[in-house]
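# Geometric and topological summary
Spelled out, the chains give:
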Amino acid sequence: MDTEGTYDARGTRSGSVPRPAGPPPRPALPPRPAGAPTAGAPLGDWLRTPRAAAEPGLWRFGHKPRPDADPDRVPDRALLGGALVAFLAAVLVWSLWSNGYIPHSRVLLELFTPADWWAYPRPPEAGEAIAVYNSLFAALLMFAFGRMGNWIEVFHRYAVDCPQPERTLRTGLAGAAAVWLVIGTTLFPFYYAIWSLLPSTWTTGDGNRGFVTFVNYALYVLVGGAVLWPFAKAGDWLGRFRGGGAPAAHTQSAPTAAPASSPADWPQLRDAGLGAVADRLVAEERAGRMNDVDCVRIRRAWTTVKADPSRLGAFTDAVAGQGARACLHPSGDRDLPARAATHDLLTSQVRIGRYPDTERTPAARRGAGAAVEPAALGSSLLAIGPFGSGKTRHLVRPVVESLALQALAGKAAVVAVCAAGTPLGADDGYDVVIKPGDPASAYDLDLYGGSLDPDEAAALLAEAFAGDLAEVDARRAATALAQLLGPYRAAHGRFPSVPVLRELLDGSPGAMAELRGRLDAETHRAYLRELDARERQLGMPGDPGLALAARVAVLDRPAFEGFFDTTGETRPFSLRALEHPLRVRVDVPERAHPEAAHLLTRLVLAQFTAGATARRDRSLFAFLALDDATHAITAESVRAVQRLRNCNAGVLLTLRALGDVPEQLHTSLLGSVGCHMAFSGVTTWDGRLFAQAWGTEWVETTEVAKHTVFADQPLTRAVHALRKLVTGKAVTTDAVTVRKVERERWSASELAHQVPAGHAVLSLTTVKGEHAPPLLVDLRG
């Protein structure tokens, strides 16, 4: 990748780049970080795993949408309770019936059978008739109480609807219980009734005991099989036994084993007639020389080939010659040194938690993973939470890591700004690591954002130096800076260094005279007028020069000597390089020089928004993550963040509290970003603003009013008095009122007191306008 000199190390030659000129020694496969899919068969399974089309915020990898909730579904407790009561009632009725406690129980039997059967001694036919009669009654009893107790629903919910192999096991246990009731116990006369219906020659065998034994066991088998058949069909035993030996994962023993439609077989290349290229990539995957970054990077390269067919030859030659190492990132890296989160690069998602199975969570999201992706991050994200709530660990680190992986795949450029020592990954995981104030820093930062226009550079510096000063007008500050930067660039061909800029803003006579002396009276007449205007404003009320000079003095310290070079001897990093897939981290000196850290954070934010909107090629997703944006939020930065939605770019802003931002910016800040995240521990004041931003929804409420019952009849009054004596409560009736009311999705009190530790409330809005309501997310799931 040609950087065109946009990011170089301090102290390097003008033609050098901040990475090794050649790629590192070629390993068989980069070390596998934690959380990455392995090569070989598991990588193929990762490619084949379906990604469901889901709403924003849902982890799509392997997601199976839940069926819509049945409003008529009986709760588990009520279902099991009803089934148990029906079973006990059936046992009681059968016990009374079988022991003769129900009078006239054989009236129907005696009505349809000969009368001499019931005179003593009774013939064998009477016993057989009683067995059949009792069997029919037992079957009718089971049917009636089974309907009342909803036994079929219990069987389906707790056996048939279970996944395999649990489904087979549970239906097998139910079938075994049914067989035991029919033929394994004398509690019910089913088997004896069936035996009595057989011809006498079969049951006696004319003295042939072997034949009778054969008939007996055959009947056992036939009756048991008939009883087990519906259970086997419901449990899909045949399908389970047929597929029981096959492993859950697809095996990849040979290149021809993968189906043509499998994503692991690169069908997009085969459809374009590049079968040999696809075979090479399949062989690389099965040989264990490919990872998920390689897959996505080569897919990205193929999309550029389809957009520009002239690159086809270079693409095929690269894949044929280098295999999985084709189209490498300019750094030569094929993965990050370590991964702290779970990523799915095919969908560009990073998993940040899980939606808990609670009443407030929609049924379709309960238990599902929560994730963010560039489609939502493109509308920018604001996260609020106190110290220790997990903003860096659970949000900033996973998001930055995800964008860094996408940068290696040629799909994104990411810039992370954090305090020195913040755990956002090792330095080896970035292309550029800028550490202002650290002599060991290998990279410098361009103070003017790579701009050649004095007015544009002045606007960037004015936002960084005076954007948070209420007493300084930003436009006057930009004008004052432009009155100095323009003449200086005309005289020297470059912008002033930090010490010189400080002297000019202070109005130093020597610096102003030296600059005036370098300007030609005829050629630079306009610039001389600018200097005259600046000198007239010095010391006047409302002049921003002194305030700007005081801010520049923050950077004119011995710790920053050698940084922000403008002499041309080095080529500092510029955020104009967002057209390249870069991984950049800026470690601001928050502990040693807090005011300088705040100034640099505002500067990077201003330069990022300007660079992202000025890009000609916006195919890469540009993203800026501010681990602490407390002092970076200004009126101009809020307006600039809104403009990023149309530029395929976004920012992540984290704050400890909205109170750290000027009050007049609270509403505009919440409205400028599309995604909001409230961590555990926010105050009720912040919760109130979130509640207003998230709005209201219609909910169904149930109100129960208890009314005392006054009886008119003496017996009823006596019963009520006895009941009140026993229970201590008066007899009442319930009046239930169901209505729909409009309520806040999350109230300020709920956000402050009902969000558990390790959780957050997340709402997402994509660039296209798709919306996910604010829902609780378990960040540890």
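Residues numbered from 1 in each chain as written. Predicted model: local features only at pLDDT ≥ 70, side-chain atom pairs only at ≥ 80, totals over all residues. Heavy atoms only, no water.

What follows deals with the overall build of the protein chain. Helix and strand counts for the protein chain stand at 28 helices and 14 strands. Put simply, the protein chain has 781 residues, and 47% of those count as buried. Long-range pairs, those at least 24 residues apart, make up 75% of the contacts in the protein chain with a sequence separation of at least 6. Per element, the accessible surface of the protein chain, about 38700 Å² overall, is 57% carbon and sulfur. (Helix = DSSP H or I, 4+ residues; strand = E, 2+ residues; numbered from the N terminus. Buried < 20%, exposed > 50% of the residue type's maximum accessible area, 1.4 Å probe, protein only. Contact = heavy atoms within 4.5 Å. Areas by Shrake-Rupley, 256 points an atom, 1.4 Å probe, with all protein chains shown as cover.)

Within this structure, the stated rule accounts for 40 salt bridges. Two residues, Asp427 and Arg585, come together in a salt bridge whose shortest N-O distance is 2.4 Å. Highlighted residues: Asp427 in the loop between strand E5 (412-419) and strand E6 (432-434) and Arg585 in strand E7 (residues 583-588), separated in sequence by 158 residues. Classification of Arg585 by relative accessible area gives buried; the value is 4%. One salt bridge connects Arg475 with Asp473, and the closest N-O pair in it is separated by 3.8 Å. Under the relative-accessibility criterion, Asp473 is labelled partly exposed at 33%. By sharing partners, the salt bridges in this structure join Asp427, Lys435, Arg585 and Asp587 into a single network. (Salt bridge = Lys/Arg side-chain N within 4 Å of Asp/Glu carboxyl O.)

This brings us to helix H26 (residues 684-694). Turning to H26, its buried residues are Asp686, Gly687, Leu689, Phe690, Ala691 and Trp694. Trailing H26 by a residue or two, Gly695 shows a phi angle of about 75°, which is positive.

Let us now look at the side chain of Thr316. Along the polypeptide, Thr316 turns up in helix H14 (residues 312-322). Within the local environment of Thr316, its side chain forms a polar contact with the backbone oxygen of Gly313, the two atoms lying 2.9 Å apart. Once residues lying within four places of it in the same chain are set aside, the contact partners of Thr316 are Leu274 and Val277. (Polar contact = N/O pair within 3.5 Å; in protein donor to acceptor, adjacent residues only side chain to side chain.)

For the protein chain, per-residue confidence averages 84 on the pLDDT scale, and residues scoring 70 or more make up 87% of the total. Counted against residues more than four places away or in other chains, residues 1-32, with its pLDDT under 50, gives 70 contacts. pLDDT under 50 marks residues 245-260. Its contacts with residues more than four places away, or in other chains, come to 17 contacts. (pLDDT = per-residue confidence, 0-100.)

Along the polypeptide, Tyr488 turns up in helix H18 (residues 474-492). With relative accessibility at 5%, the residue Tyr488 sits in the buried group. Along the sequence, Tyr488 and Leu531 sit 43 residues apart, while their C-alpha atoms lie 9.9 Å from each other. Excluding residues within four positions of it along the chain, Tyr488 makes contact with Gly493, Arg494, Phe495, Pro496, Val500, Leu504 and Leu515.

Structural remark: α-helix, 3.6 residues per turn; residues separated by three or four positions point the same way. Helix length check: helix H23 (residues 594-614) (21 residues) gives 30 Å between terminal C-alpha atoms against 30 Å at 1.5 Å per residue, within 8%. Among the 21 residues that make up H23, 17 are buried, leaving the element largely enclosed by the rest of the structure. (Expected span 1.5 Å × (residues − 1).)

Let us now look at the pairing of strand E4 (residues 381-384). Taking every second residue as pointing to the same face, both faces of E4 are buried, with Leu381 and Ala383 on one and Leu382 and Ile384 on the other. Sheet topology places E4 next to strand E9 (residues 649-655); four bridges connect them, and they run parallel. Its bridge partner lying in E9, Ile384 is registered against Leu655. (Pairing = 2+ DSSP bridges.)

This part covers the packing of aromatic side chains. Considering all chains together, one arrives at nine aromatic pairs under this definition. Taking the centre distance of 5.5 Å and the plane angle of 85° together, the rings of Phe155 and Phe231 count as edge-to-face. Highlighted residues: Phe155 in helix H5 (residues 151-160) and Phe231 in helix H9 (residues 209-235), separated in sequence by 76 residues. Residue Phe231 is classed as buried on the basis of its relative accessible area, which comes to 17%. With 6.3 Å between their ring centres and 35° between their planes, Phe560 and Phe564 make a pair best called tilted. Taking relative accessible area as the criterion, Phe560 reaches 2% and is therefore assigned buried. (Phe/Tyr/Trp six-rings, centres within 6.5 Å; stacked < 30°, edge-to-face > 60°.)

Mapped onto the fold, His394 is located in helix H16 (residues 391-408). Judged by relative accessible area, which is 14%, His394 ranks as buried. At a separation of 3.4 Å, a polar atom in the side chain of His394 contacts the side chain of Arg393. Once residues within four sequence positions are removed from consideration, His394 is found in contact with Ile352, Ser389, Leu779 and Arg780.

Attention shifts here to the environment of Ala625. Mapped onto the fold, Ala625 is located in strand E8 (residues 621-626). A residue is classified by how much of its surface remains accessible, and Ala625, at 1% relative accessible area, is buried. Excluding residues within four positions of it along the chain, Ala625 makes contact with Val400, Val415, Ala416, Val417 and Leu652.

Within strand E10 (residues 675-679), five of the five residues are buried, which leaves the element mostly enclosed by the surrounding structure. Where burial is concerned, the two faces of E10 agree: the one with Cys675, Met677 and Phe679 and the one with His676 and Ala678 are both buried. When E4 meets E10, the two strands line up parallel, connected through four bridges. Bridge pairing in E10 links Leu382 to His676. The pairing of E10 with strand E13 (residues 759-765) spans four bridges and is antiparallel. Residue His676 lies in a different strand from E13, and its bridge partner there is Ser763.

What follows covers the packing of helix H17 (residues 454-466) against H18. Interaxial distance between H17 and H18 falls to 8 Å at its minimum, and their mutual angle equals 135°. Taken as axis vectors, H17 and H18 run oblique relative to one another. The two elements H17 and H18 cross, and the hand of that crossing is right-handed. Together, Pro454, Asp455, Ala457, Ala458, Ala459, Leu461, Ala462 and Ala466 of H17 and Ala474, Ala477, Ala478, Leu481, Ala482, Leu485, Gly486 and Arg489 of H18 make up the contact between the two elements. (Axes fitted to C-alpha atoms, helices over the stretch in contact; angles between N-to-C directions. Parallel < 35°, antiparallel > 145°, perpendicular 65-115°, else oblique. Left-handed = near helix turned anticlockwise from the far one by under 90°.)

We now examine the packing of H5 against helix H6 (residues 166-183). Running from N to C, H5 and H6 cross one another at 140°; their axes reach a closest spacing of 8 Å. One element, H5, and the other, H6, form an angle in the oblique class. Residues Phe155, Tyr158, Ala159 and Val160 of H5 touch H6, and the partners they reach there are Arg167, Arg170, Thr171 and Ala174. For the contact of H5 with H6, a count of residues per class yields five nonpolar, one polar and two charged. (Nonpolar A, V, L, I, M, F, W, Y, C, P; charged D, E, K, R; others polar.)

A cis amide bond links Gln164 to the next residue, Pro165, at an omega of 0°. Following the sequence through the fold, Pro165 ends up in the loop between H5 and H6. Within the chain, Ser380 stands out as a residue other than glycine whose phi angle is a positive 75°. Tracing the backbone shows Ser380 in the loop between helix H15 (374-377) and E4.

Moving on: a nonpolar patch on the surface. Together, Leu84, Phe87, Leu88 and Val91 line one region of the surface with nonpolar side chains, adding up to about 380 Å² of accessible area. Tracing the backbone through its elements, the reader meets Leu88 in helix H2 (residues 76-98). (Patch = residues over 30% accessible without salt bridge, like charges linked within 9 Å, V, L, I, M, F, W, Y side chains within 5 Å.)

This part covers the environment of Glu535. By secondary structure assignment, the location of Glu535 is in helix H21 (residues 525-537). Residues Glu535 and Pro509, spaced 26 residues apart in sequence, show a C-alpha to C-alpha distance of 9.7 Å.

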